[in-house]
Number of protein chains: 4
Amino acid sequence: MTRPDVIKKVIELLQHLPGIGPRQAERFAYALIDMKAEAPRALGESLIALAAGVTRCQECMRVVETGHRTCATCADGAVRHLIVVEKDQDIDAFERSGITDTGFHLLRGFILGGPDDAMVRDRIRSLYARIETLLKNPSDASVEITLAFAATADGDMTAAYITKILEPLASQKLSITRLGRGLSTGSELEYADRDTIKNAFASRNKTL
Amino acid sequence: MTRPDVIKKVIELLQHLPGIGPRQAERFAYALIDMKAEAPRALGESLIALAAGVTRCQECMRVVETGHRTCATCADGAVRHLIVVEKDQDIDAFERSGITDTGFHLLRGFILGGPDDAMVRDRIRSLYARIETLLKNPSDASVEITLAFAATADGDMTAAYITKILEPLASQKLSITRLGRGLSTGSELEYADRDTIKNAFASRNKTL
Amino acid sequence: MTRPDVIKKVIELLQHLPGIGPRQAERFAYALIDMKAEAPRALGESLIALAAGVTRCQECMRVVETGHRTCATCADGAVRHLIVVEKDQDIDAFERSGITDTGFHLLRGFILGGPDDAMVRDRIRSLYARIETLLKNPSDASVEITLAFAATADGDMTAAYITKILEPLASQKLSITRLGRGLSTGSELEYADRDTIKNAFASRNKTL
Amino acid sequence: MTRPDVIKKVIELLQHLPGIGPRQAERFAYALIDMKAEAPRALGESLIALAAGVTRCQECMRVVETGHRTCATCADGAVRHLIVVEKDQDIDAFERSGITDTGFHLLRGFILGGPDDAMVRDRIRSLYARIETLLKNPSDASVEITLAFAATADGDMTAAYITKILEPLASQKLSITRLGRGLSTGSELEYADRDTIKNAFASRNKTL
């Protein structure tokens, strides 16, 4: 006498979520059973709505509602500062930090030297094209591209790669910038590596 | 320009799962978006089916398909060995271990000295009634009740409490048993506490 | 201007302790500097005393004070129950658990299939010889050998290996035993593996 | 029959090291016994040398060899840039990062609102006096004080407190600076808090 098929199915499908193994899927399933029926039903309906209701902006690749070719920012076309990020959550991180008057350009990966690079290279080509368009139109306004990547070897390699690709566009009007390095919230000097301390020291700010 | 409402909804509802905070809910949501639409749809449908399709056995409280008053084992009534467990997952743990010729009795909690005890005490009263019925019918067959709880202070306290409650039923025909203690898979002596070593030594087995 | 050589030396030598890297060695060194001078001096003297003052029992290999050929138990020779363990700390674990009327036999390692096995095999040969002596003298008293190893693949393999080696000594008078398996203190059923649950169920105890 | 007193003594004294409990002290002790006798003896001698051989610079409080009133940098008096740090290891962190042409001023704690603050306040008073001396002599050279604290609430509060204390010294010639904030090595945007992203964005650097 084992558990009903409907539970087995839920436990199996929950394991498609990233990082969820059989034990945690079981715990989720029994927690859902113990909620009022409205809760699993609402989650179920929201997932079906998600499956039908989202697509990606053809310019920046961020998630938009089905039926839109581009996001509102890309449709508007007035923004001249693009933040290039690795993944969807990074856009959310910027928006949570109140940085909202920029556009974005999503790579959906880093340059890692493997087969997935083809897709990322494609996104870099489309970044190149977006910058060319911005530089032409109007021809006298400046453009800024911020490479906003994790401070990791993969992030640094991808930034170096993109900087090299964009070199032909170098001009007074184009700035390519990178996020500042230093102590992040919670960092202790004792555990900080040499580069972090060097960067934090080099970018020290006057307080008096 | 922020994320579509349908994503916000999914991220909000996923946080009802135990142990899932906003960051992990975001990660789940974007992972679901990046799957083929069939995957979130299938999970969504399975959750709606779960909401409609399960209830609990009126005897042992394990989850059964909607429309059944009791599980197959309780309906049959032939089983004379009940394993008393704290929660749903414990039944699954026994079934995975190949222990399948017993019935179960789910407490859905431990005796912790708080307000939730009322529900657990209710389950202990219904255990008492189930044992009385088994002892009467037929009056000459033996009955075993195994208190299969975590080897924790809460588990031990609940076992002691139930043992005391069941004392009036004590007879040649009724055995109340508890799971054996000793080294569990992976245990190292260096990190084992005194009781574990004492129990493992006391219950040592002959191998030659 | 860097730190004095004496600190560098201490930080370097502390890194010989198992699991201690440069950061933790630094933390230890500065903590020692901030104690009253008696504390590092007392620790220093105790380490010098340790270097000069201990050796190992020629029978069971446990640590004894310099100048003794064997430990008190092995010198006495009356004990007929030997607990075979992997390492020094396991003996301490048994003594902490109040199991003190047995002798020990230290392997100083497990049979792992590598070059260190030679030393462990040597210890198993000396175990064989100790058992032979015990069985002869007197010839009518029984002997018990408990293989008290971690409940891990390495521990199990070593137990199986020793059991096979000792087979020629099999008789009514010799018991080879192993520690009991089951739930160890703190174990929860949900996280217990199949074998632990099977063993805990098979070795269940009557409480009423 | 328990372990020799000399081992018990070592295990007891090792537990004075920060973060070391009885199990790890045991592991250290048996590891030391298993090394060649020279190793525990060398560590023992280095600890005795440490107990006798170090004191603190009367100016900056860093550890120096016994017999010196001040460290070489403070004796020289030419350095006009002091880095104020919480603890000994922070000085090592700066030196490891190749920042060696500055002096230091060790607080040996943060302002936490408790009784230990008295000692830290004392160190801040002595910082004030050191700055006054530097500003007078010669009267036309500039002075920089870098508050190099962990990016934590305690570090920030201590920096704010010191900045306020030093306000009376404010002049063209004195800069009080703080370490730059941003992404530290290894940081991912997804896990960075709002302030870290805001700071990293505000301090972004041109790469092309």
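Residues numbered from 1 in each chain as written. Chains lettered and ligands numbered in written order. Predicted model: local features only at pLDDT ≥ 70, side-chain atom pairs only at ≥ 80, totals over all residues. Heavy atoms only, no water.

Asks: So, the packing of helix α6 (residues 117-136) of chain D against helix α7 (residues 153-166) of chain D: which residues are in play, and what are the values?
Replies: Residues and elements named next belong to chain D. Packing of α6 against α7 leaves a shortest axis separation of 11 Å and a crossing angle of 45°. The angle between α6 and α7 places the two elements in the oblique class. For the element pair α6 and α7, the recorded crossing hand is right-handed. The residues of α7 that touch α6, namely those facing R121, I124, L127, Y128 and I131, are Y161, I162, I165 and L166. (Axes fitted to C-alpha atoms, helices over the stretch in contact; angles between N-to-C directions. Helix = DSSP H or I, 4+ residues; strand = E, 2+ residues; numbered from the N terminus. Parallel < 35°, antiparallel > 145°, perpendicular 65-115°, else oblique. Left-handed = near helix turned anticlockwise from the far one by under 90°. Contact = heavy atoms within 4.5 Å.)

Asks: Let's hear about the side chain of B:R56: which residues, and what values?
Replies: Inspection of the secondary structure assignment puts B:R56 in strand β1 (residues 54-56). Among the polar contacts listed, one links the side chain of B:R56 to the backbone oxygen of B:M61, at a separation of 2.8 Å. Setting aside residues up to four positions removed in sequence, B:R56 forms contacts with A:I33, A:D34, B:M61, B:R62, B:V63, B:V64, B:R69, B:D88, B:L106 and B:R108. (Polar contact = N/O pair within 3.5 Å; in protein donor to acceptor, adjacent residues only side chain to side chain.)

Asks: Would you mind going over the relation of the copies chain A and chain D in detail, with residue names and values included?
Replies: Superposing chain A onto chain D requires a rotation of 180° together with a translation of 0.0 Å along the rotation axis, leaving an RMSD of 0.1 Å. What the superposition gives is, in effect, a two-fold axis relating one chain to the other. Residue A:G182, judged by its C-alpha, is the member of chain A lying nearest the rotation axis, at 2.2 Å. Interface overlap between copies: 100% of the residues of chain A at the interface are likewise at the interface in chain D, consistent with a symmetric, same-surface contact. (Least-squares fit on C-alpha atoms with pLDDT ≥ 70 in both.)

Asks: I'd like to hear about the interface of chain A and chain D, residue by residue, with values.
Replies: Facing 53 residues of chain A, the contacting portion of chain D comprises 53 residues. When the buried surface of chain A facing chain D is broken down by residue, A:L189, A:F201 and A:L208 rank first, second and third, together holding 15% of it. Our count for the chain A to chain D interface comes out at six salt bridges. Across the pair A:E144 and D:R204 runs a salt bridge, and its minimum N-O distance is 2.5 Å. At the surface where chain A touches chain D, the tally comes to 27 residue pairs in polar contact (both at pLDDT 80 or more). Where the side of chain A that touches chain D is concerned, the elements lending two or more residues are β3 (81-85), α5 (88-96), β5 (143-147), α7 (153-166), β6 (174-178), α8 (194-202) and β7 (205-206) of chain A. Top contributing element to the side of chain A that touches chain D by residue count: α8(A), with seven residues. Grouping the constituent residues of the side of chain A that touches chain D by class yields 19 nonpolar, 19 polar and 15 charged. Both β7(A) and strand β6 (residues 174-178) of chain D contribute to a ladder of two bridges, which runs antiparallel. Looking across to β6(D), one finds that A:N205 is bridged to D:R178. (Buried area = accessible area lost by both parts, 1.4 Å probe. Salt bridge = Lys/Arg side-chain N within 4 Å of Asp/Glu carboxyl O. Nonpolar A, V, L, I, M, F, W, Y, C, P; charged D, E, K, R; others polar. Pairing = 2+ DSSP bridges.)

Asks: I'd like a rundown of the interface of chain C and chain D, residues and numbers included.
Replies: Across the boundary between the two partners, chain C contributes 55 residues, which contact 55 residues of chain D. For the pair chain C and chain D, the interface holds six salt bridges. For C:D34, the salt bridge goes to D:R56, with nearest N and O atoms at 2.9 Å. Counting across the interface, chain C meets chain D through eight residue pairs in polar contact (both at pLDDT 80 or more). Considering only residue class, the side of chain C that touches chain D consists of 31 nonpolar, seven polar and 17 charged.

Asks: An account of the pairing of strand β6 (residues 174-178) of chain B is requested, with residue identities and associated values reported.
Replies: Residues and elements named next belong to chain B. Burial analysis of β6 places four of its five residues in the buried class, the great majority of the element. One ladder, built from five bridges, connects strand β5 (residues 143-147) with β6; its direction is parallel. Opposite I145, over in β6, you have I176 as the bridge partner. With helix α7 (residues 153-166) bridging β5 and its parallel neighbour β6, the resulting β-α-β unit is right-handed. (Buried < 20%, exposed > 50% of the residue type's maximum accessible area, 1.4 Å probe, protein only. Right-handed = clockwise from strand over helix to strand, strands pointing away.)

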